[in-house]
Amino acid sequence: MRAGGSDPIREAAGLLAEHRNAVVLTGAGISVASGIPSFRGAQGMWAKYDPMEYATLHAFMQSPRKVWEMLSEMLSVCGDAAPNAAHKGLAALEEIGVVRAVITQNVDGLHQAAGFRRVIEYHGNMEELICVFCWKRYRTRERWTQGTVPLCDCGEILKPNVVLFGEPIPWLAQEQAEEEARTCGVLLVVGTSAQVSPACDIPRIAKESGAAVVEINPEETSLSGNVTDVHLRGSASEVLWQLLKELSPGDEASPRTPSGH
Ligand code: APR
(Lines give C-alpha, C1' and ligand atoms only; values in the text may rest on other atoms or scores of the structure.)
Protein backbone atom coordinates (compact mmCIF):
# COMPACT_ATOMS: atom_id res chain seq x y z
CA MET A 1 0.00 0.00 0.00
CA ARG A 2 1.60 3.26 -1.12
CA ALA A 3 1.33 6.07 1.40
CA GLY A 4 1.25 8.38 -1.56
CA GLY A 5 4.94 8.59 -2.38
CA SER A 6 6.86 11.86 -2.33
CA ASP A 7 4.07 13.89 -3.92
CA PRO A 8 0.72 12.27 -3.11
CA ILE A 9 -1.29 15.10 -4.71
CA ARG A 10 0.54 14.59 -8.01
CA GLU A 11 0.17 10.81 -7.72
CA ALA A 12 -3.57 11.07 -7.02
CA ALA A 13 -4.07 13.59 -9.83
CA GLY A 14 -2.23 11.22 -12.18
CA LEU A 15 -4.60 8.37 -11.30
CA LEU A 16 -7.66 10.61 -11.78
CA ALA A 17 -6.39 11.91 -15.15
CA GLU A 18 -5.47 8.40 -16.35
CA HIS A 19 -8.87 6.86 -15.64
CA ARG A 20 -11.30 9.83 -15.94
CA ASN A 21 -14.03 7.69 -14.39
CA ALA A 22 -13.54 8.20 -10.68
CA VAL A 23 -16.38 7.62 -8.25
CA VAL A 24 -16.49 9.43 -4.90
CA LEU A 25 -17.71 8.16 -1.51
CA THR A 26 -18.36 11.02 0.89
CA GLY A 27 -19.11 11.21 4.60
CA ALA A 28 -19.87 13.85 7.20
CA GLY A 29 -16.33 15.29 7.05
CA ILE A 30 -17.04 16.99 3.73
CA SER A 31 -19.90 19.00 5.29
CA VAL A 32 -18.12 20.07 8.49
CA ALA A 33 -17.03 23.33 6.80
CA SER A 34 -20.72 24.01 6.09
CA GLY A 35 -21.46 24.01 9.83
CA ILE A 36 -22.88 20.48 9.98
CA PRO A 37 -21.20 18.50 12.78
CA SER A 38 -19.77 15.09 12.00
CA PHE A 39 -21.09 12.10 13.94
CA ARG A 40 -18.00 10.77 15.70
CA GLY A 41 -15.30 12.63 17.56
CA ALA A 42 -15.50 14.95 20.57
CA GLN A 43 -17.82 17.50 18.89
CA GLY A 44 -19.82 14.89 16.98
CA MET A 45 -23.58 14.38 17.07
CA TRP A 46 -23.11 11.01 18.78
CA ALA A 47 -21.26 12.68 21.65
CA LYS A 48 -24.53 14.53 22.38
CA TYR A 49 -27.12 11.93 21.32
CA ASP A 50 -26.52 8.22 21.98
CA PRO A 51 -27.25 6.72 18.52
CA MET A 52 -28.72 3.59 20.12
CA GLU A 53 -31.31 5.81 21.86
CA TYR A 54 -31.85 8.43 19.14
CA ALA A 55 -30.87 6.99 15.74
CA THR A 56 -32.29 3.47 15.40
CA LEU A 57 -35.56 2.46 13.75
CA HIS A 58 -36.48 0.65 16.97
CA ALA A 59 -35.97 3.85 19.01
CA PHE A 60 -38.13 5.76 16.52
CA MET A 61 -40.94 3.19 16.75
CA GLN A 62 -40.76 3.18 20.58
CA SER A 63 -40.20 6.89 21.30
CA PRO A 64 -40.67 8.99 18.13
CA ARG A 65 -40.97 12.29 20.01
CA LYS A 66 -37.62 11.65 21.73
CA VAL A 67 -35.95 10.81 18.41
CA TRP A 68 -37.39 14.03 16.97
CA GLU A 69 -35.29 15.97 19.52
CA MET A 70 -32.22 14.81 17.56
CA LEU A 71 -33.91 14.94 14.15
CA SER A 72 -35.08 18.54 14.55
CA GLU A 73 -31.51 19.59 15.45
CA MET A 74 -30.21 17.83 12.32
CA LEU A 75 -32.96 19.38 10.17
CA SER A 76 -32.26 22.87 11.48
CA VAL A 77 -28.51 22.60 10.94
CA CYS A 78 -28.94 21.12 7.46
CA GLY A 79 -31.55 23.74 6.59
CA ASP A 80 -29.12 26.57 7.39
CA ALA A 81 -26.15 24.98 5.59
CA ALA A 82 -24.72 25.92 2.21
CA PRO A 83 -22.28 23.93 0.05
CA ASN A 84 -18.64 24.63 0.94
CA ALA A 85 -15.48 24.69 -1.18
CA ALA A 86 -15.20 20.89 -1.00
CA HIS A 87 -18.68 20.31 -2.47
CA LYS A 88 -17.88 22.91 -5.15
CA GLY A 89 -14.51 21.30 -5.85
CA LEU A 90 -16.14 17.91 -6.42
CA ALA A 91 -18.73 19.50 -8.73
CA ALA A 92 -15.85 21.11 -10.67
CA LEU A 93 -14.13 17.69 -11.00
CA GLU A 94 -17.41 16.29 -12.37
CA GLU A 95 -17.62 19.25 -14.77
CA ILE A 96 -14.16 18.56 -16.25
CA GLY A 97 -15.04 14.88 -16.68
CA VAL A 98 -12.67 13.41 -14.09
CA VAL A 99 -15.39 12.27 -11.64
CA ARG A 100 -18.61 10.59 -12.78
CA ALA A 101 -20.70 9.99 -9.63
CA VAL A 102 -20.77 10.61 -5.90
CA ILE A 103 -22.11 8.09 -3.40
CA THR A 104 -22.89 10.09 -0.28
CA GLN A 105 -23.65 8.90 3.23
CA ASN A 106 -24.78 12.45 4.01
CA VAL A 107 -28.43 13.48 4.05
CA ASP A 108 -27.84 17.25 3.74
CA GLY A 109 -28.38 17.62 -0.04
CA LEU A 110 -25.24 19.78 -0.35
CA HIS A 111 -23.74 17.91 -3.32
CA GLN A 112 -26.86 18.72 -5.37
CA ALA A 113 -26.85 22.28 -4.03
CA ALA A 114 -23.25 22.64 -5.30
CA GLY A 115 -24.38 21.55 -8.77
CA PHE A 116 -23.14 17.97 -8.71
CA ARG A 117 -25.35 16.00 -11.11
CA ARG A 118 -25.02 12.25 -10.41
CA VAL A 119 -25.62 11.87 -6.65
CA ILE A 120 -26.43 8.49 -5.06
CA GLU A 121 -27.99 9.16 -1.62
CA TYR A 122 -26.94 6.00 0.22
CA HIS A 123 -28.61 7.00 3.50
CA GLY A 124 -31.58 8.86 2.05
CA ASN A 125 -32.18 12.56 2.61
CA MET A 126 -33.94 15.07 4.85
CA GLU A 127 -35.99 16.59 2.00
CA GLU A 128 -38.83 14.10 2.42
CA LEU A 129 -40.89 12.79 5.35
CA ILE A 130 -42.43 9.33 5.23
CA CYS A 131 -45.12 7.60 7.30
CA VAL A 132 -43.84 4.19 8.41
CA PHE A 133 -47.44 3.05 8.88
CA CYS A 134 -49.27 4.10 5.69
CA TRP A 135 -46.19 4.96 3.55
CA LYS A 136 -47.54 8.40 2.60
CA ARG A 137 -44.75 10.89 1.73
CA TYR A 138 -44.50 14.67 2.20
CA ARG A 139 -41.98 17.42 1.36
CA THR A 140 -40.28 18.24 4.69
CA ARG A 141 -40.45 22.00 4.14
CA GLU A 142 -44.22 21.76 3.60
CA ARG A 143 -44.94 19.62 6.65
CA TRP A 144 -42.40 20.44 9.39
CA THR A 145 -41.48 23.61 11.25
CA GLN A 146 -38.90 23.99 14.00
CA GLY A 147 -40.18 22.83 17.36
CA THR A 148 -42.99 20.65 15.98
CA VAL A 149 -43.32 16.90 15.48
CA PRO A 150 -44.91 16.36 12.04
CA LEU A 151 -47.95 14.13 11.74
CA CYS A 152 -49.24 12.15 8.78
CA ASP A 153 -52.83 12.62 7.63
CA CYS A 154 -53.40 9.18 9.19
CA GLY A 155 -52.37 10.65 12.57
CA GLU A 156 -49.04 8.85 12.98
CA ILE A 157 -45.70 10.66 13.55
CA LEU A 158 -43.67 11.10 10.36
CA LYS A 159 -39.98 10.18 9.89
CA PRO A 160 -37.44 11.88 7.63
CA ASN A 161 -36.65 9.55 4.72
CA VAL A 162 -33.16 8.90 6.10
CA VAL A 163 -31.72 5.47 6.93
CA LEU A 164 -31.67 4.96 10.70
CA PHE A 165 -29.60 2.16 12.23
CA GLY A 166 -31.47 -1.10 11.69
CA GLU A 167 -33.03 0.09 8.42
CA PRO A 168 -32.04 -1.29 5.00
CA ILE A 169 -30.20 0.86 2.45
CA PRO A 170 -32.62 1.96 -0.32
CA TRP A 171 -32.42 -0.88 -2.83
CA LEU A 172 -31.71 1.26 -5.92
CA ALA A 173 -29.02 3.30 -4.14
CA GLN A 174 -27.29 0.11 -3.03
CA GLU A 175 -27.41 -1.41 -6.52
CA GLN A 176 -26.14 1.79 -8.18
CA ALA A 177 -23.38 2.28 -5.59
CA GLU A 178 -22.06 -1.27 -5.96
CA GLU A 179 -22.14 -1.05 -9.77
CA GLU A 180 -20.19 2.23 -9.67
CA ALA A 181 -17.66 0.73 -7.23
CA ARG A 182 -17.16 -2.36 -9.39
CA THR A 183 -16.56 -0.41 -12.61
CA CYS A 184 -14.61 2.70 -11.61
CA GLY A 185 -10.85 3.08 -12.06
CA VAL A 186 -10.43 5.25 -8.97
CA LEU A 187 -12.52 5.46 -5.80
CA LEU A 188 -12.02 8.78 -4.00
CA VAL A 189 -13.04 8.45 -0.31
CA VAL A 190 -13.67 11.86 1.27
CA GLY A 191 -14.46 12.65 4.91
CA THR A 192 -15.66 9.34 6.29
CA SER A 193 -14.45 7.31 9.26
CA ALA A 194 -15.52 4.21 7.30
CA GLN A 195 -17.03 2.63 10.41
CA VAL A 196 -20.61 2.02 9.26
CA SER A 197 -21.60 -0.92 7.10
CA PRO A 198 -22.54 -1.44 4.36
CA ALA A 199 -21.17 1.96 3.20
CA CYS A 200 -17.70 1.08 4.49
CA ASP A 201 -17.67 -1.99 2.21
CA ILE A 202 -17.76 0.19 -0.92
CA PRO A 203 -14.01 0.96 -0.94
CA ARG A 204 -13.25 -2.76 -0.56
CA ILE A 205 -15.57 -3.63 -3.46
CA ALA A 206 -13.79 -1.05 -5.63
CA LYS A 207 -10.35 -2.26 -4.57
CA GLU A 208 -11.21 -5.93 -5.23
CA SER A 209 -12.49 -4.89 -8.68
CA GLY A 210 -9.11 -3.34 -9.52
CA ALA A 211 -9.67 0.32 -8.65
CA ALA A 212 -7.10 2.53 -6.95
CA VAL A 213 -8.40 3.95 -3.66
CA VAL A 214 -7.51 7.56 -2.81
CA GLU A 215 -8.51 8.79 0.65
CA ILE A 216 -8.93 12.44 1.70
CA ASN A 217 -9.06 12.76 5.48
CA PRO A 218 -6.92 14.60 8.06
CA GLU A 219 -7.05 11.44 10.20
CA GLU A 220 -6.22 7.76 9.75
CA THR A 221 -9.28 5.53 9.28
CA SER A 222 -9.93 1.78 9.13
CA LEU A 223 -9.15 2.01 5.40
CA SER A 224 -5.84 3.79 5.75
CA GLY A 225 -3.76 0.80 6.73
CA ASN A 226 -4.94 -1.67 4.10
CA VAL A 227 -7.42 -0.55 1.43
CA THR A 228 -6.15 2.96 0.70
CA ASP A 229 -3.46 3.33 -1.96
CA VAL A 230 -2.90 7.09 -1.61
CA HIS A 231 -3.88 8.96 1.56
CA LEU A 232 -4.11 12.75 1.12
CA ARG A 233 -3.94 14.00 4.70
CA GLY A 234 -5.81 17.26 4.97
CA SER A 235 -9.19 18.94 4.82
CA ALA A 236 -11.46 18.07 1.90
CA SER A 237 -11.70 21.66 0.63
CA GLU A 238 -7.93 22.26 0.57
CA VAL A 239 -7.05 18.87 -0.95
CA LEU A 240 -9.79 18.87 -3.61
CA TRP A 241 -8.75 22.31 -4.87
CA GLN A 242 -5.10 21.24 -4.96
CA LEU A 243 -6.19 18.26 -7.09
CA LEU A 244 -8.25 20.53 -9.33
CA LYS A 245 -5.32 22.88 -9.87
CA GLU A 246 -3.09 19.88 -10.68
CA LEU A 247 -5.69 18.60 -13.17
CA SER A 248 -6.32 21.90 -14.94
CA PRO A 249 -2.86 23.58 -15.01
CA GLY A 250 -2.71 27.01 -16.61
CA ASP A 251 -6.46 27.08 -16.86
CA GLU A 252 -7.40 30.63 -16.03
CA ALA A 253 -10.59 29.25 -14.63
CA SER A 254 -8.60 26.94 -12.40
CA PRO A 255 -9.65 28.56 -9.22
CA ARG A 256 -7.81 29.22 -6.05
CA THR A 257 -9.59 27.74 -3.06
CA PRO A 258 -12.78 29.78 -2.99
CA SER A 259 -14.07 31.10 0.30
CA GLY A 260 -15.81 28.45 2.38
CA HIS A 261 -19.43 28.83 1.34
N1 APR B 1 -12.16 17.12 5.52
C2 APR B 1 -12.10 15.77 5.37
N3 APR B 1 -12.41 14.88 6.35
C4 APR B 1 -12.79 15.40 7.54
C5 APR B 1 -12.87 16.79 7.78
C6 APR B 1 -12.55 17.66 6.70
N7 APR B 1 -12.59 19.00 6.85
N8 APR B 1 -13.29 16.98 9.07
C9 APR B 1 -13.46 15.74 9.60
N10 APR B 1 -13.15 14.80 8.69
C11 APR B 1 -13.23 13.33 8.83
C12 APR B 1 -12.97 12.81 10.21
O13 APR B 1 -11.58 12.58 10.41
C14 APR B 1 -13.75 11.47 10.18
O15 APR B 1 -12.92 10.43 9.69
O16 APR B 1 -14.56 12.98 8.53
C17 APR B 1 -14.88 11.73 9.18
C18 APR B 1 -16.25 11.83 9.81
O19 APR B 1 -16.56 10.58 10.34
P20 APR B 1 -18.01 10.32 11.00
O21 APR B 1 -18.36 11.43 11.92
O22 APR B 1 -17.99 8.92 11.52
O23 APR B 1 -19.02 10.43 9.77
P24 APR B 1 -19.31 9.34 8.65
O25 APR B 1 -18.11 8.53 8.35
O26 APR B 1 -19.96 10.06 7.53
O27 APR B 1 -20.41 8.40 9.37
C28 APR B 1 -21.01 7.40 8.56
O29 APR B 1 -22.48 6.85 10.39
O30 APR B 1 -23.78 7.54 12.13
C31 APR B 1 -23.82 7.10 10.83
O32 APR B 1 -25.50 7.49 9.24
C33 APR B 1 -24.43 8.11 9.89
O34 APR B 1 -23.84 8.54 7.58
C35 APR B 1 -23.32 8.40 8.90
C36 APR B 1 -22.42 7.19 9.01
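Residues numbered from 1 in each chain as written. Predicted model: local features only at pLDDT ≥ 70, side-chain atom pairs only at ≥ 80, totals over all residues. Heavy atoms only, no water.

**Considerations on the site of the ligand**
Right, so step 1: Close contacts around the ligand come from 19 residues, with A28, F39, R40, T192 and S193 the closest.
Right, so step 2: Here A28 contributes a backbone N or O atom positioned 2.8 Å from an oxygen atom of the ligand.
Right, so step 3: Here H123 contributes a side-chain N or O atom positioned 3.0 Å from an oxygen atom of the ligand.
Right, so step 4: The fraction of the free accessible surface of the ligand (730 Å²) that becomes covered by protein chains is 87%.
Right, so step 5: Most atoms of the ligand, that is more than half of them, are within 2 Å of grid points of the largest pocket. (Near = heavy atom within 4 Å. Polar contact = N/O pair within 3.5 Å; in protein donor to acceptor, adjacent residues only side chain to side chain. Areas by Shrake-Rupley, 256 points an atom, 1.4 Å probe, with all protein chains shown as cover. 1 Å grid on protein atoms, 1.4 Å probe; cavity = no way out; pocket = protein on both sides within 12 Å on 5 of 7 lines; lining within 4 Å. Sits in = over half its atoms within 2 Å of the grid points.)

**Here's the deal with the domain arrangement of the protein**
How big an interface is tends to be reported as the loss of accessible area on association of its parts.
Right, so step 1: When cut into domains, the protein gives domain 1 (1–35 + 84–123 + 169–249) and domain 2 (37–80 + 126–162).
Right, so step 2: Every contact between the two is made by 9 residues of domain 1 and, on the other side, 10 residues of domain 2.
Right, so step 3: Considering only the surface of domain 1 that becomes buried against domain 2, A28, G35 and V107 emerge as the three largest contributors, covering 47% of it.
Right, so step 4: At the surface where domain 1 touches domain 2, the tally comes to 0 salt bridges.
Right, so step 5: Linking domain 1 to domain 2 there are 1 residue pair in polar contact (both at pLDDT 80 or more).
Right, so step 6: Among the residues making up the side of domain 1 that touches domain 2, the classes are represented as 4 nonpolar, 4 polar and 1 charged. (Domains from an automatic or database assignment. Contact = heavy atoms within 4.5 Å. Buried area = accessible area lost by both parts, 1.4 Å probe. Salt bridge = Lys/Arg side-chain N within 4 Å of Asp/Glu carboxyl O. Nonpolar A, V, L, I, M, F, W, Y, C, P; charged D, E, K, R; others polar.)

**Details of the sheet that holds strand β8 (residues 212–216)**
Right, so step 1: One open sheet accounts for 6 strands, arranged β3-β2-β1-β7-β8-β9; its pairing is parallel. Each end of this open sheet is capped by a strand with a single partner; those strands are β3 (119–121) and β9 (230–232). Between one strand axis and the next, the sheet turns through 20° on average, direction left out of account.
Right, so step 2: Where strand β1 (residues 22–26) lies against strand β2 (residues 99–104), 5 bridges are found, and the strand directions are parallel. Bridge pairing links L25 to I103 in β2. (Pairing = 2+ DSSP bridges. Helix = DSSP H or I, 4+ residues; strand = E, 2+ residues; numbered from the N terminus. Axes fitted to C-alpha atoms, helices over the stretch in contact; angles between N-to-C directions.)

**Examining the packing of aromatic side chains**
Right, so step 1: Going through the model one piece at a time under the given rule, you end up with 4 aromatic pairs.
Right, so step 2: Between the aromatic rings of F39 and W46, the centroid separation amounts to 5.0 Å while the plane-to-plane angle is 40°, which identifies the pairing as tilted.
Right, so step 3: Seen in terms of ring centroids, W46 and F165 are 6.4 Å apart; in terms of plane orientation they differ by 55°. Their pairing is tilted. Here F165 lies in the loop between β6 (159–162) and α9 (171–183) and W46 lies in helix α2 (residues 45–48), a separation of 119 residues in the sequence.
Right, so step 4: Under the relative-accessibility criterion, F165 is labelled partly exposed at 30%.
Right, so step 5: The structure contains a cluster of three or more aromatic residues connected by ring pairs, namely F39, W46 and F165.
Right, so step 6: The ring of Y54 carries the charged tip of K66 above its face, separated from the ring centre by 5.1 Å. (Phe/Tyr/Trp six-rings, centres within 6.5 Å; stacked < 30°, edge-to-face > 60°. Buried < 20%, exposed > 50% of the residue type's maximum accessible area, 1.4 Å probe, protein only. Lys NZ or Arg CZ within 6 Å of the ring centre and 35° of its normal.)

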